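Examining the three-dimensional arrangement
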Amino acid sequence: MDTATHVVMGFAIGGLATLDPVVAQTAVNTQSVLVAAIIGSQIPDIDTFLKLRNNAVYIRNHRGITHSIPAVLIWSIVVAAFVYFFFPETNWLHLWIWSLIAVLMHVFVDIFNAYGTQALRPFSSKWVALGMINTFDPYIFGLHVAGIFAWLLGANPGYTFLVVYGIIFLYYVLRFVMQQMVKSAVLKTIPDAERIIIASTMYFNQWRIAVTAKDYFYVGRAYRRSITIFDKFKRIPVPDTPVIKAALQDKNVSAFLSFSPVYRWEIKEYDDYTEVRFIDLRYRSNGHYPFVAIVKLDENLEMITSYTGWVYSEEKLRKKLHVVTD
């Protein structure tokens with residue numbers, strides 16, 4: 001989820017914690033757990049700072065090891081220890097338990113959007129991305145904000161957020177059912193579909209779809225059970241050629257391929273260089289595919305420049321490649 005949603009979830013978990021008799025017993029316990037819940041709901045995304053290095057490192061690692069099973073345990077201990085330093089009179093065990101719940105909740109909800117996480121590490125490095133919930137869901141965010149306002153107005157925070165999360169649970173069930181209905185509609189439209197990626201959007205009844213079939217890739221949108229196909233690409237395996245082999249050695253291309261489950265490729269030859277491009281088909285926006293990896297190779301197949309990331313116009317992509325070259 002986005003940062004704002006994780007923040008309000010931190011407050012919600014702090015409110016839920018008041019149902020714990022030990023937490024509610026003293027003000028110091030209540031305050032320390034609230035602080036720990038807010039920090040714990042954010043800390044797995046500390047890897048966002050990797051973007052300061054470069055996009056390749058960020059794409060390969062964001063929501064990776066920091067969202068893994070060992071990391072969840074480590075983060076909960078780190079958060080509890082940090083907060084305990086400022087609240088030494090608090091109950092350590094319950095501080096740690098609610099820190100763990102906050103971190104777990106962060107990783108858990110991230111599984112349900114299209115970006116996903118490597119939450120199964122170290123048992124599997126597979127990206128788990130269910131695509132049921134948009135990165136920012138206005139209904140989930142709005143319910144949390146309503147709960148916080150009710151708390152500020154004097155409502156019992158524990159029972160308030162118990163109700164909020166009961167509603168959200170039913171909302172998740174509804175989104176799962178809706179997604180399965182879309183999947184059934186896609187299979188009727190494309191009977192030979194081998195892999196179907198369905199991702200939610202900001203709009204309740206609209207979904208992005210990317211389908212891998214026997215001979216083609218299909219990209220489109222779903223509105224309720226109505227499927228609209230925007231693009232259809234011939235499914236051509238990546239060739240085992242010197243140009244492709246050289247491109248695959250680039251760190252940006254490697255990072256892209258480690259993250260993208262469905263993409264097409266292009267090779268363009270110019271007078272003094274060859275350009276290899278990989279295009280993720282999941283994020284079509286206004287007729288454009290913004291998530292790409294591109295590498296330029298000279299006549300000797302040496303890398304001139306490369307880039308991976310989200311770019312919403314060809315002009316901006318050229319500028320980024322020029323900056324990298326400089």
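Structure: see above.
Because the structure is predicted, anything quoted here is derived from the model rather than measured.

**Some remarks on helix H3 (residues 27–40)**
End to end, H3 covers 20 Å across 14 residues, agreeing with the expected 20 Å (1.5 Å per residue, within 8%). Looking only at H3, the buried set comprises Val28, Asn29, Ser32, Val33, Ala36, Ala37 and Gly40. Projected down its long axis, H3 shows its buried positions confined to an angular sector of 155°, all on one face. Against the buried residues of H3 lie helix H1 (3–16), helix H2 (21–25), helix H5 (69–86) and helix H6 (92–110).

**Thoughts on the environment of Tyr139**
On the secondary structure map, Tyr139 appears in helix H7 (residues 138–152). The sequence separation of Tyr139 and Phe11 amounts to 128 residues, and the corresponding C-alpha distance is 17 Å. Ignoring any residue separated from it by four or fewer positions in sequence, one finds Tyr139 in contact with Tyr171 and Phe204.

**Digging into the nonpolar core**
Burial of nonpolar side chains together is a common tendency in soluble globular proteins. The biggest cluster of nonpolar side chains holds 41 residues, and the ones touching the most others in it are Trp98, Ile133, Ile140, Phe161, Tyr165 and Tyr172. The set of elements that each furnish at least two residues to this core consists of H1, H3, H5, H6, H7 and helix H8 (157–189). Among the elements that line this core, the one with the most residues is H6, at seven residues. In this structure, Ile59, Phe256, Val276 and Leu297 belong to the second largest nonpolar core, which totals 16 residues.

Cut-offs used in this document
- Residues numbered from 1 in each chain as written.
- Predicted model: local features only at pLDDT ≥ 70, side-chain atom pairs only at ≥ 80, totals over all residues.
- Heavy atoms only, no water.
- Helix = DSSP H or I, 4+ residues; strand = E, 2+ residues; numbered from the N terminus.
- Expected span 1.5 Å × (residues − 1).
- Buried < 20%, exposed > 50% of the residue type's maximum accessible area, 1.4 Å probe, protein only.
- Arc of directions from axis to C-beta.
- Contact = heavy atoms within 4.5 Å.
- Core = buried A, V, L, I, M, F, W, Y, C linked by side-chain atoms within 4.5 Å.

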